[in-house]
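# Geometric and topological summary
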Amino acid sequence: IMNPVYNFSAGPSTLPKSVLKKAEAELSNYKGSGMSVMELSHRGKLFMDIIQDAEKTLRELMNIPDDYSVMFLQGGASTQFAMVPMNLMVNNKKADYVVTGSWAQKAYEEAKKFGTPRVIANSHGADLSHIPKVTRDMIDPEADYVHITTNNTIEGTAFYDLPDTGDIPIVADMSSNILSEQIDVTNYGLIYAGAQKNIGPAGMTVVIIRKDLIGQADSSVPSMLDYAVHQKAKGIYNTPPTFSIYMAKLVFDWLKEDIGGLENMAKINEDKANLLYETIDHSILFEASIKDRDRSWMNVPFLSKTGDEELEKKFLKEAEARGLVTLKGHRSVGGMRASIYNAMPVEGVQALVDFIKEFDQKNS
Ligand code: PMP
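The structure displayed is predicted, hence computed values, not measured ones.

Reading guide: rules and limits
Residues numbered from 1 in each chain as written. Predicted model: local features only at pLDDT ≥ 70, side-chain atom pairs only at ≥ 80, totals over all residues. Pairing = 2+ DSSP bridges. Helix = DSSP H or I, 4+ residues; strand = E, 2+ residues; numbered from the N terminus. Axes fitted to C-alpha atoms, helices over the stretch in contact; angles between N-to-C directions. Contact = placed C-beta atoms within 7 Å. Near = placed C-beta within 6 Å. Nonpolar A, V, L, I, M, F, W, Y, C, P; charged D, E, K, R; others polar. UniProt positions renumbered as here; feature names shortened; annotations may be inferred. Core = buried A, V, L, I, M, F, W, Y, C linked by C-beta atoms within 7 Å. Buried ≥ 20, exposed ≤ 12 C-beta atoms within 10 Å, placed from the backbone.

### A word on the sheet that holds strand β14 (residues 336-339)
Hydrogen bonds between backbone groups are what pair the strands of a sheet, and the pairing can be parallel or antiparallel. One open sheet holds the three strands; their spatial order is β11-β12-β14, and the pairing between them is antiparallel. Edge positions in the sheet fall to β11 (286-288) and β14, since each of these pairs with one other strand and no more. Strand-to-strand twist of the sheet, defined as the mean angle between neighbouring strand axes without regard to direction, takes the value 30°. Across three bridges, the pairing between β11 and strand β12 (residues 299-304) is antiparallel. Within the sheet, the bridge partner assigned to A288 lies in β12 and is F302. Against the sheet, helix α7 (residues 262-281) touches β11, β12 and β14, its axis set at about 135° to β11.

Written out as structure tokens, the structure reads:
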């Protein structure tokens, strides 16, 4: 008998099985239309219902107030690295960046093209495994926003205490932990996330933006990169990524109906993460890269205690033979990384935990 395959990829990553089954059942004949969702006009009723339902359910799940717009854009989170400063770094052309990992660094580098962003706290280098404490006095009162990355996909750290920025809006890259727990949207001016981790397939980027921050972009900003243009066109300024939006809708429905909302999801995620960290902490051969309370629930990097790369290779090879796939660490840090997003079932984490214990016994 074939073992089930559990995919620990950091993104694109595993999707809920029931969502895939639903999509499969509707694939070639969506709601009796005789067409697939991929073939539907983006301005027709069938697709309009999908995009409106997707937004409605996302608003319910995250408790998004009416003074925030929700947009399903393209270009990935990387496009937001530029779109954010083009639209928001406009008053004083200054912004403060908290650089807690490689993606945050990329966001900061991109912002330099549009003004003078500043790094106010940096956990690169030796301190990569910690989230720096950000206090009010560190923030430039003239900053147009403060940018943070709430979950560092590569490093495996997460923000648990949001910086107090006063009236300065917080812009958050939530690509790798959006929808993993309930957050208070009103603490943020703008939230963005690439879809391919906790939302659905690649191709769509969620932007949640406080309405008063829209409409500040200079007239030289390309239309596609102006939040005001998308807001005015109600999400269909041009052809949106229709199939990705449909899949995201199915994932939102799954979160609401099957999981029962984000409080339940958070509980499941915390349990999964605790189970895995506890196993790694008790391992003879392996240790977690992140030791303290900044540990991410979503991305769990671990490595050989003695830096034995051959042992890591053996682990990855044997894991794969068991159907525990894509556990290789990011090329910049090596070792292993288990991404255990919302859609990774407890059974998958349990299978990994059992394998780590068994491998430990056999090889030490
Ligand atoms: N930010 C974070 C935190 C990420 O993990 C990633 C992708 N892994 C990105 C940004 C870049 O996303 P995209 O590939 O959608 O541009």
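More follows now that the structure is in view.
### A short note on the site of the ligand
With respect to spatial proximity, the complete set of residues near the ligand consists of G11, G76, A77, S78, W103, T149, T153, D173, S175, S176 and G194. For the shell around the ligand, the leading source of residues is helix α3 (residues 76-88), giving three residues. By residue class, the composition of the shell around the ligand is two nonpolar, eight polar and one charged.

### Some points on the UniProt feature "binding site: pyridoxal 5'-phosphate" (unreviewed entry) in the chain
Sequence positions flagged by UniProt for "binding site: pyridoxal 5'-phosphate" (unreviewed entry) are, in local numbering, A77, S78, W103, T153, D173, Q196, N238 and T239. Taken along the chain, the residues just named run across 163 residues; in space they spread out, the farthest C-alpha pair reaching 30.6 Å. Along the polypeptide, S78 turns up in helix α3. Turning to its location among the elements, N238 is positioned in the loop between α5 (227-232) and α6 (242-259).

### Here we look at the nonpolar core
Y97, L190, V206, A248, V251 and I340 are the most contacted members of the largest nonpolar core, which totals 100 residues. By residue number, the principal contributor to this core is α6, which donates nine residues. When sequence neighbours within four positions are dropped, the list of residues in contact with A248 reads A54, A195, I199, G200 and M204.

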